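In case you want the letters, here they are:
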Amino acid sequence: MTVYSKKDIQTLVKEYYATVDFDIPEIQRREIAFQNWREAGIRDRHRYFQTNQELKDYLSKIPKAAAFHSVGYYLDPNERQFSKKSLQGFDFIFDIDADDLEGQAYVEKLGELCIMAKRLIDTFLVGHFGIDKENIRIEFSGRKGLHLTVLGDEYRYLSKTARREIVEYIEGTKLDRTILFPEKKGYVVSEPTAKGWRGEGRAFVEHILEETEGREEKEILEILRKYNFPKNQAKKISVLLTQPKTRQNVLEGRLSPLMGKGAVTLNSLSKAVMKNHGIGLGSIIANMKKKKTKYEFDGKIIDRAVTYDAHRILRIPKSIHPKSGFPCVTISYNQLEDPMNIFDEIAKLVGYDLIKIKLANPVLLEAEETYPLEADREYRLPRYLAIAALIQS
């Protein structure tokens, strides 16, 4: 059996590309870009391919370190000046990224991404905007990101301003928190039938009721403090939430017995809703730290620039990531339930057949499980792991 080493990486990648069929929508309107081996950055841009088969033929002869397509559609993809490319709309994409989730295995990090993606889809894209799940394409970037593309001309031709407003609505960055719990006939309410952001407020109230069900006053106090309720307010509310009548009033949508007369308490509840939203979506609601065009919360990142930038390029589905050695793969909504599904798709795409490799450097290969691999030792691994190990070494 042939023993593959670092010098054989391009041969293995070339063989891989000979087996795949790309399916880039309207590839003839896309700019194609490549990263060359042993080069930092993407210098080979503004390429044009008439068909997906042409791209396959090219990469199976000249395997590149990475391959990208534009999110934009152009009349002239070859043109190097963007002002002359004649933009004809661009994909409406959300990029969810895990930067550095310390203390977690790789598959657990991907699990976090899947949870965030499901919340974004279920609560906002479907729940608030009425987008059909079937019109949302989901792609694993090959390393530590998920791309959600909303399909359809009505989204392809959205202006940058409209995209920014949608993202800000989802993140709640410019939300007037006073709308979460409105007054009705002089009482603060959170109606069970509330929609939109008021529905988010209602969902949080139900979450608090569920989490405090059957708890002692001290336990309820700890739960409320977890959501940053001031200590004195948390003490008062924890007493009230031990009373069945108060809990029933809140369940039916009447918050005034819980709030008393204090707008301060209502403000704390609104802040708690936003904190919970930030944790669930991994966005920028609480404890946020601005980093150029990215916003970070607890190590989770939503890159807003990808949604706004008409000239952004993204990794081509089925192309191999030059750092992980895994391909970018398309997954279904149902596959978000378990991050192991991502590796199932990778394995089916690249291959399960065993090949023998010898590494120049030790590698801690992280996939569906962690494989500590030593240098100068031969291993027989499934092809999808073998290629990843050689690239990572």
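What counts, and where the lines are drawn
Positions within a chain are numbered from 1, following the residues in the order the chain's sequence is written. With pLDDT at 70 or above as the cut-off, local features in this predicted model cover only qualifying residues; side-chain atom pairs require 80 or more to be listed or tallied, and sums for whole chains, interfaces and linings still use all residues. Only heavy atoms go into the side-chain values, all of them from the structure, while hydrogens and water stay out. Numbering of helices and strands starts at the N terminus; helices are DSSP runs of H or I of at least 4 residues and strands are runs of E of at least 2. Buried means the residue's accessible area, taken with a 1.4 Å probe over protein chains only, is under 20% of the maximum for its type, while exposed means over 50%, and partly exposed covers the values in between. Areas reported here follow the Shrake-Rupley algorithm with a probe of radius 1.4 Å; residue values treat only the protein chains shown as occluding. Charged-residue counts in this description rest on Lys and Arg as positive and Asp and Glu as negative, His and the chain ends being excluded. For this purpose, a charge sits on NZ of Lys, CZ of Arg, CG of Asp or CD of Glu. Angles shown run from 0 to 180 degrees and are taken between the N-to-C directions of axes, each axis being a line fitted to C-alpha atoms and, for helices, limited to the stretch in contact. Between 65 and 115 degrees an angle is taken as roughly perpendicular, under 35 as roughly parallel, over 145 as roughly antiparallel, and anywhere else as oblique. Handedness of each helix crossing follows the sense of rotation of the near helix against the far helix: counterclockwise by less than a right angle gives left-handed, clockwise gives right-handed. Only heavy atoms matter for contacts: two residues are in contact if any of them lie within 4.5 Å across the pair. Amino acids are sorted into nonpolar (Ala, Val, Leu, Ile, Met, Phe, Trp, Tyr, Cys and Pro), charged (Asp, Glu, Lys and Arg) and polar (every other residue, Gly among them). Note on pairing: two strands pair once DSSP finds at least 2 bridges between them.

A. Seen up close, the overall build of the protein chain. Counting its regular elements, the protein chain contains 14 helices and 20 strands. In terms of overall dimensions, the protein chain has a C-alpha envelope of 75 × 50 × 35 Å along the principal axes. Of all 393 residues assigned to the protein chain, the portion counted as buried reaches 53%. Surface summary for the protein chain: the accessible area is close to 19,000 Å², and the carbon and sulfur share equals 48%. Computed over 63 positive and 57 negative side-chain charges, the separation of the two mean positions in the protein chain equals 5 Å.

B. Looking closely at the packing of helix α7 (residues 217-226) against helix α8 (residues 231-240). Their axes nearest at 8 Å, the elements α7 and α8 cross at an angle of 135°. On the basis of the axis angle, α7 is oblique to α8. The handedness of the crossing between α7 and α8 comes out as right-handed. Across the interface between the two elements, Glu217, Ile220, Leu221, Leu224 and Arg225 of α7 pack against Lys231, Ala234, Lys235, Ile237, Ser238 and Val239 of α8. Of the residues that constitute the contact of α7 with α8, the class distribution is 6 nonpolar, 1 polar and 4 charged.

C. Here's a closer look at the sheet that holds strand β20 (residues 378-382). What the 3 strands build is an open sheet, ordered β1-β17-β20; its pairing is mixed. Each edge of the open sheet is held by one strand with a lone partner, namely β1 (3-4) and β20. Here strand β17 (residues 354-358) runs beside β20; their pairing, made up of 5 bridges, is antiparallel. Within β20, the residue paired with Lys356 across the bridge is Arg380.

D. Representation of helix α13 (residues 340-350) within the structure. For α13, the full list of buried residues reads Asn341, Ile342, Phe343, Glu345, Ile346, Ala347 and Val350. Considering only its buried residues, α13 is in contact with α1 (9-17), α3 (106-126), β8 (136-140), β16 (329-331) and α14 (383-392). Two residues or fewer after α13 comes Gly351, characterised by a positive phi angle close to 125°.

Any link to function would need more than the numbers given here.
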